[in-house]
Amino acid sequence: MLYWLAEQLNFPGIFNLVRYLTFRAGAAIMTALIIGLVIGPRFIGWLRVRQGKGQPIREDGPQTHFVKRGTPTMGGLMILTAMASAVLLWMNVTSVYIWACLIVTLGFGAIGFMDDYDKVTKASHKGLSARARLLAEFGIAGFATWLIVSQNGTLLYLPFWSGGALDLGPLYYLFGAFVIVAFGNAVNLTDGLDGLASMPVIVASMAFMLIVYLVGRADYAAYLGIPHVPGAGDLVILCGAIVGACLAFLWFNAPPAAVFMGDTGSLALGGTIGVIAVAAHHEIVLAVIGGIFVVEAMSVVIQVFFYKRTGRRVFRMAPIHHHFEQLGWPESTVVIRFWIVSFVLALAGLATLKLR
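Parameters and conventions
- Residues numbered from 1 in each chain as written.
- Predicted model: local features only at pLDDT ≥ 70, side-chain atom pairs only at ≥ 80, totals over all residues.
- Heavy atoms only, no water.
- Helix = DSSP H or I, 4+ residues; strand = E, 2+ residues; numbered from the N terminus.
- Buried < 20%, exposed > 50% of the residue type's maximum accessible area, 1.4 Å probe, protein only.
- Contact = heavy atoms within 4.5 Å.
- Areas by Shrake-Rupley, 256 points an atom, 1.4 Å probe, with all protein chains shown as cover.
- Expected span 1.5 Å × (residues − 1).
- Patch = residues over 30% accessible without salt bridge, like charges linked within 9 Å, V, L, I, M, F, W, Y side chains within 5 Å.
- Salt bridge = Lys/Arg side-chain N within 4 Å of Asp/Glu carboxyl O.
- Polar contact = N/O pair within 3.5 Å; in protein donor to acceptor, adjacent residues only side chain to side chain.
- Phe/Tyr/Trp six-rings, centres within 6.5 Å; stacked < 30°, edge-to-face > 60°.
- Core = buried A, V, L, I, M, F, W, Y, C linked by side-chain atoms within 4.5 Å.
- Axes fitted to C-alpha atoms, helices over the stretch in contact; angles between N-to-C directions.
- Parallel < 35°, antiparallel > 145°, perpendicular 65-115°, else oblique.
- Left-handed = near helix turned anticlockwise from the far one by under 90°.
- Nonpolar A, V, L, I, M, F, W, Y, C, P; charged D, E, K, R; others polar.

A.B. asks: Quick question: what am I supposed to make of the overall build of the protein here?
C.D. replies: Secondary structure summary: the protein contains 14 helices and two strands in total. Here the protein holds 356 residues, and 54% of them are scored as buried. Long-range contacts, defined here as pairs at least 24 residues apart, represent 75% of the contacts in the protein between residues at least 6 apart. Total accessible area on the protein is roughly 15,800 Å²; 69% of this is exposed by carbon and sulfur atoms.

Now the structure itself:
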């Protein structure tokens, strides 16, 4: 909004900084961080009063999690409030990419909210049916993909291959929607320990801040041999807002957590990172940068597949972070080691920008 005003009113002097993308990205980080820290205490208190017993804890889960009973969930509402406020303040209102991402953020957040609400009111960890959730998610993701394709086509670019691309044609709509839905649910599955999902989301967002900035610049994109997507640079504002909002949430989610993110936050954040990757034509690189989330999701798929066919479990418990807990790793050890791996994977994903 401020960018639009600067363009219309021709802000003088120092106020002209609003025109610069890097300035607005930094401002979005600080805005989301400050809003999150300010509203956090009252927001958590309100959730605690409204929810009573808080998020239901799985009876078949690790025994150490029972001490978390009574912790309120839906902390994702705090993240989305801070994030959306920062984006709306600093974004270029004419950017189709940002509006497509916000549709996914708010749409997936609404689905996650309904799921969390169902769990809290019914005192059950089951929530909405998987079929209803997926249908709604694919509808939202499909519409966002359609908006993106209207701007930059249906090419799937391949890392390690300069100029290599496959034109998926109409199949790209399904592919783009799948990437968004899959990553949304992958982050959702990862959100099982205090701080486990927050930091990898921050790391992935910081990596994509660099990627969308580079693909939005014709000169840098040509030098690196990556696709140039005009207007994609505006997404650094959204990435910055995610970083700021998640840092603020992590302040309250640090062990022992005062609030849980819930599906409201994890589903929305995962879907947002997924749609950013689709807009930047870095869908495959997303699987590297977000490798932690991919492994978490695959551990559930593998566990269910083998158990239904053999009656045996591959992991002691899925998602895989619970497997390490069952091996005797303290929760803090699992979380910090996963953070370290997420940093390494982000660096590996960024390395693909030059290895072509």
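A.B. asks: Looking at this structure, I do not really get helix 12 (residues 291-310). What am I missing?
C.D. replies: Side chains three or four residues apart in an α-helix point the same way, a direct result of the helix having 3.6 residues per turn. With 20 residues, helix 12 should cover 28 Å at 1.5 Å per step; its first-to-last C-alpha distance of 27 Å lies within 8% of that length. Along helix 12, the positions that sit buried rather than exposed are Gly291, Ile292, Phe293, Glu296, Ala297, Ser299 and Gln303. Tucked inside the fold, the buried residues of helix 12 contact helix 6 (171-190), helix 7 (198-215), helix 11 (283-289), helix 13 (320-326) and helix 14 (331-351). Looking at the residues trailing helix 12, positive phi occurs at Gly311, about 75 degrees.

A.B. asks: I'm lost on a nonpolar patch on the surface in this one. Help?
C.D. replies: Where nonpolar side chains cluster on the molecular surface, the patch consists of Val294, Met298, Val301, Ile302, Phe305, Phe306 and Val314 and spans about 560 Å² of accessible area. Structurally, the position occupied by Ile302 is in helix 12.

A.B. asks: Please clarify how the side chain of Glu331 should be interpreted in this entry.
C.D. replies: Counting through the fold element by element, Glu331 comes out in helix 14. One polar contact links the side chain of Glu331 to the main-chain amide nitrogen of Asp194, over a distance of 3.1 Å.

A.B. asks: Mind showing me how you'd approach the packing of aromatic side chains here?
C.D. replies: The description of an aromatic ring pair rests on the distance of the ring centres and on the angle between the ring planes. Per the stated rule, a full pass over the model turns up ten aromatic pairs. Summarising the aromatic geometry, the rings of Phe23 and Trp90 are spaced 6.1 Å apart at their centres and angled 85 degrees between planes, so their arrangement reads as edge-to-face. Placement of Phe23 in helix 2 (residues 21-51) and of Trp90 in helix 3 (residues 76-90) is noted, with a sequence separation of 67 residues between them. Owing to a relative accessible area of 34%, Phe23 belongs among the partly exposed residues under this scheme.

A.B. asks: In this structure, what is going on with the side chain of Glu137? I would like to understand it.
C.D. replies: When you line up the elements, Glu137 lands in helix 5 (residues 130-152). Looking at Glu137, the relative accessible area reads 0%, which means it is buried.

A.B. asks: Would you take a moment to explain the pattern of salt bridges for this structure?
C.D. replies: If the charged atoms of two oppositely charged side chains come close together, the side chains can form a pair. For the structure shown, the criterion picks out six salt bridges. Two residues, Glu137 and Arg133, come together in a salt bridge whose shortest N-O distance is 3.5 Å. Here the residue Glu137 and the residue Arg133 both occupy positions in helix 5, the gap between them amounting to four residues, near one helical turn. The residue Arg133 makes a salt bridge to Asp263 at a minimum N-O spacing of 3.1 Å. Note that Arg133 is positioned in helix 5 and Asp263 in helix 10 (residues 262-279), a separation of 130 residues in sequence. A relative accessible area of 9% means that Arg133 is categorised as buried. Residue classification places Asp263 among the buried residues on the basis of a relative accessible area of 7%.

A.B. asks: Explanation requested: the nonpolar core in the structure shown.
C.D. replies: Most often, soluble globular proteins keep nonpolar side chains buried together rather than apart. If you look at the biggest cluster of nonpolar residues, it comprises 90 residues, and the most contacted ones within it are Phe108, Phe208, Leu235 and Ile276. Of the residues forming this core, the biggest block, 13 residues, is contributed by helix 9 (residues 235-253). Dropping the residues within four chain positions of it, Leu235 is found in contact with Tyr97, Ile98, Cys101, Val212, Ile276 and Ala279. If you look at the next biggest cluster of nonpolar residues, it comprises nine residues, including Ile292, Ile320, Phe324 and Val334.

A.B. asks: Explanation requested: the environment of Phe113 in the structure shown.
C.D. replies: Among the secondary structure elements, Phe113 is positioned in helix 4 (residues 96-122). Between the C-alpha atom of Phe113 and that of Gly76, which follows or precedes it by 37 residues, the distance is 8.4 Å. Residues within four places of Phe113 in sequence aside, it is in contact with Met74, Leu77 and Thr264.

A.B. asks: I keep staring at the packing of helix 7 against helix 10 and nothing clicks. Help me out?
C.D. replies: Two packed helices can be described by the angle between their axes and the distance between those axes. Two numbers describe how helix 7 lies on helix 10: the axes approach to 11 Å, and their chain directions differ by 20 degrees. Overall, the two elements helix 7 and helix 10 adopt an arrangement that is roughly parallel. In this structure, helix 7 crosses over helix 10, and the sense of that crossing is left-handed. Of the residues in helix 10, those in contact with Val201, Ala204, Ser205, Phe208 and Val212 of helix 7 are Leu269, Ile273, Ile276 and Ala277. Residues belonging to the contact of helix 7 with helix 10 are distributed by class as follows: eight nonpolar, one polar and no charged.

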